[in-house]
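Single-letter residue listing:
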Amino acid sequence: MDVDLIPHEPPDGPRPADAFEVQLAGLDALEFGESSASSPAQRLWSVTWPKVAALVIALAIWQSVVWSHWKPTYVLPPPGPVFRELWHDAGTVLFWRAIGTTMRRAVVGFAIAVVLGLLIGGAVARSRFLRSAVGSLITGLQTMPSVVWFPLAILLFKLSESAITFVVVIGAAPSIANGFVGGIDHVPPLLLRSGRMLGAKGVRLWRHVIVPAAMPSIVAGLKQGWAFAWRSLMAGELLVIIGHRPSVGERLNDAENLNDVVGLLVYMLVILILGIAVDALFGAADRSLRRRWGLIGRE
Amino acid sequence: MKVMEQARPAVPETTGGVSLDRVSKRFGTGPGAVVALDGLTLTLDRGEFVCVVGASGCGKTTLLNLVAGLDKPTSGTIETASLRTALMFQEAALFPWLTAAGNVELALRLRGVGRAERRRQAAELLGVVRLDGFGDRRPHELSGGMRQRVALARSLAQDAELLLMDEPFGALDAMTRDILHDELENVWRRRGLTVIFVTHNVREAVRLGDRIVLLTSRPGRIAAEFAVGFSRPRRIESPEVSGLAATITEQLRAEVARHGR
């Protein structure tokens, strides 16, 4: 037998018949080295500190620009009062009602865009005719700034929730559809062949092979779709003001009208924070998917 | 097994395996057409292990696709006695979004096996390829050899009687390949599988096959057949294996040289 493979056989070691199994187990064991595990606290710190450092640098730049007296403080206030005002506003009902309205619009619009985008994407991916007919139209729609839809939306729906939803949906759906189509186009042929060989056909091939294989691209499309939805929504809330219904965009507009620079910056910060928070959610979903697939290593 | 034989009396007693009768496959039409296989006639008995060797362009992969039913021959007939067929590739072609056990379970699920039974059988099949305890790993967390063993377990999960293998160990290191030869031989014998094993590695073919078919290239025809007489299990480095491999390699070289002139 291969003495090299089992050099230190114990006296009553494996019988020759088991030698093969021992070799196989040895080979498997060699494949897996020691894993260097770091504690959750260490990992959290290693992701957090660069972000904290960047924030500190940004605030320092802001403060230095103010100190340089480039603009008077009633035009460009320093960070201190802005964050004090943000803290104060966070204790008011109006602030949370505004965020509530905005997030509801974002979620509803995005949800409709997801349904539409996936339906259209699925149809385009399956039919050669549809692809040549509307494939490039979808990409074209994706490049169109959503603001240009507002005049039409306001004519169609007046100054209403529907006008905003319409633009949010039309801004997000093409990206989602494109992500789905792209994902399906890039399903590795080997996996398709493998799936067919296992007896998957039609709906079952889609359910068990095509859609899971397209998932990274679908998630990327959703993430991009969200970014477009969020931009469209902010443009919409600045343009379509509905009376007695505070929203983040409406508060921003209000601050501008009242020459309230601190309030303006507060709501810009709110928009930034909300954007980062939702993007982080998509990022986490994307990363966990990629990690499970082995597309990226552990951080 | 007995029940099945009674249920299928129509299967001819002569082979019960696979038979190809003057099978040709042409890709494209007109002067640009490529003849991948030309009048191939080959018969396998039930439970036989046949290795197909040949240089590039001999239509080995085409042959497997035809037998697997993934493609239709241009002319000729292929009879597989309605054996359940599984195909293994050089890459394991496991689904990266499923665990090792999940991959095996999917094969069972597509056969209509119930949930609890799937779990039990998948664990058992991973045991057959000696991967107990690795069921929760994802394909990228396994070595190339382990992935091929999962692919083998998945083929068994299809309850395959006919196993078609397209250079399944081609991408593995020599040590792993050697051990997987033992593994495959065990599984083949215990399960009474019929195997068509395509490879460009002549020693591997002699190590494993009951019979070796040498194909010519462009178009693919049968150049020679060799029966491997020596007893199993064979060792790839044994003098008998080396001797026969040398003879076959010589013919293969002559065949390749023909295209150089």
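Conventions we followed
- Residues numbered from 1 in each chain as written.
- Chains lettered and ligands numbered in written order.
- Predicted model: local features only at pLDDT ≥ 70, side-chain atom pairs only at ≥ 80, totals over all residues.
- Helix = DSSP H or I, 4+ residues; strand = E, 2+ residues; numbered from the N terminus.
- Axes fitted to C-alpha atoms, helices over the stretch in contact; angles between N-to-C directions.
- Parallel < 35°, antiparallel > 145°, perpendicular 65-115°, else oblique.
- Left-handed = near helix turned anticlockwise from the far one by under 90°.
- Contact = placed C-beta atoms within 7 Å.
- Pairing = 2+ DSSP bridges.
- Core = buried A, V, L, I, M, F, W, Y, C linked by C-beta atoms within 7 Å.
- Buried ≥ 20, exposed ≤ 12 C-beta atoms within 10 Å, placed from the backbone.
- Domains from an automatic or database assignment.
- Nonpolar A, V, L, I, M, F, W, Y, C, P; charged D, E, K, R; others polar.

Brief notes about the overall build of chain B
Working step 1: Scanning chain B from terminus to terminus reveals 8 helices and 9 strands.
Working step 2: Taking the principal axes of the C-alpha coordinates as reference, chain B spans close to 60 × 45 × 40 Å.

Concerning the packing of helix α3 (residues 100-109) of chain B against helix α4 (residues 115-128) of chain B
Residues and elements named next belong to chain B.
Working step 1: Close contact between α3 and α4 brings their axes to 9 Å; oriented N to C, the two are set at 120°. The angle between α3 and α4 falls in the class oblique. When the axes of α3 and α4 are compared, the crossing they make is right-handed. Side by side, α3 and α4 meet where Ala100, Ala101, Val104, Glu105, Leu108 and Arg109 of the first sit next to Arg118, Arg119, Gln121, Ala122, Ala123, Leu125 and Leu126 of the second.

Section: the sheet that holds strand β7 (residues 194-199) of chain B
Residue and element names in this part refer to chain B.
Working step 1: Spatially, β5-β6-β7-β3-β8-β9 is the arrangement adopted by the 6 strands of the open sheet, whose pairing is mixed. Looking along the sheet, the strands with just one partner apiece sit at the ends: β5 (85-88) and β9 (222-227). In this sheet, neighbouring strand axes are inclined to one another by 15° on average, regardless of whether the strands run parallel or antiparallel.
Working step 2: By the bridge criterion, 5 bridges tie strand β3 (residues 49-53) to β7 in an arrangement that is parallel. Considered in β7, the bridge of Val52 is made with Val198.
Working step 3: Along the sheet, helix α8 (residues 239-260) makes contact with β3, β8 (211-215) and β9, crossing β9 at roughly 180°.

A short note on the interface of chain A and chain B
Frequently, the measure chosen for interface size is the accessible area that the parts lose on association.
Working step 1: Taken together, the contact between chain A and chain B spans 23 residues of the former and 26 residues of the latter.
Working step 2: It is helix α1 (residues 16-31) of chain A that contributes the most residues to the side of chain A that touches chain B, 7 residues altogether.

Describing the nonpolar core
Working step 1: Core analysis: the largest hydrophobic core is formed by 118 residues, its most contacted members being Ala172 and Ala229 of chain A together with Val104, Val150 and Ile196 of chain B.
Working step 2: Of the residues that make up this core, three or more belong to each of domain 1 (24-83 + 161-261) and domain 2 (94-159) of chain B.
Working step 3: Membership of the second largest hydrophobic core comes to 7 residues, among which are Ala98, Leu252, Val266 and Tyr267 of chain A.

Topic: the packing of helix α10 (residues 248-257) of chain A against helix α11 (residues 261-293) of chain A
Residue and element names in this part refer to chain A.
Working step 1: Interhelical geometry of α10 versus α11 gives an angle of 160° and a closest axis separation of 8 Å. Relative to α11, the element α10 is oriented roughly antiparallel. Crossing handedness for the pair α10 and α11: left-handed. Between α10, through Val248, Arg251, Leu252, Ala255 and Glu256, and α11, the contact on the second element is made entirely by Gly263, Leu264, Tyr267, Met268, Val270 and Ile271.
Working step 2: Broken down by class, the residue content of the contact of α10 with α11 amounts to 8 nonpolar, 1 polar and 2 charged.

Focus: α3 of chain B
Working step 1: Of all the 10 residues making up α3 of chain B, 9 are buried; the element is thus mostly covered by neighbouring parts of the structure.
Working step 2: Within α3 of chain B, burial applies to Ala100, Ala101, Asn103, Val104, Glu105, Leu106, Ala107, Leu108 and Arg109 of chain B.

Focus on the domain arrangement of chain B
All names here are of chain B.
Working step 1: Domain annotation of chain B identifies domain 1 (24-83 + 161-261) and domain 2 (94-159).
Working step 2: Each of domain 1 and domain 2 has a C-alpha centre, and these two points are 26 Å apart.
Working step 3: Contact with domain 1, which involves 10 residues of that partner, is made by 9 residues of domain 2.
Working step 4: Here the element with the most residues in the side of domain 1 that touches domain 2 is helix α6 (residues 174-191); it accounts for 5 residues.
Working step 5: When the residues that make up the side of domain 1 that touches domain 2 are grouped by side-chain class, the tally is 7 nonpolar, 1 polar and 2 charged.

Some details on the sheet that holds strand β1 (residues 18-27) of chain B
Residue and element names in this part refer to chain B.
Working step 1: Ordered in space as β2-β1-β4, the 3 strands form an open sheet in which the pairing is antiparallel. Looking at strand neighbours, the two that pair on one side only are β2 (34-44) and β4 (75-79), the edges of this open sheet. Neighbouring strand axes in the sheet, compared pairwise and without regard to direction, differ in orientation by 20° on average.

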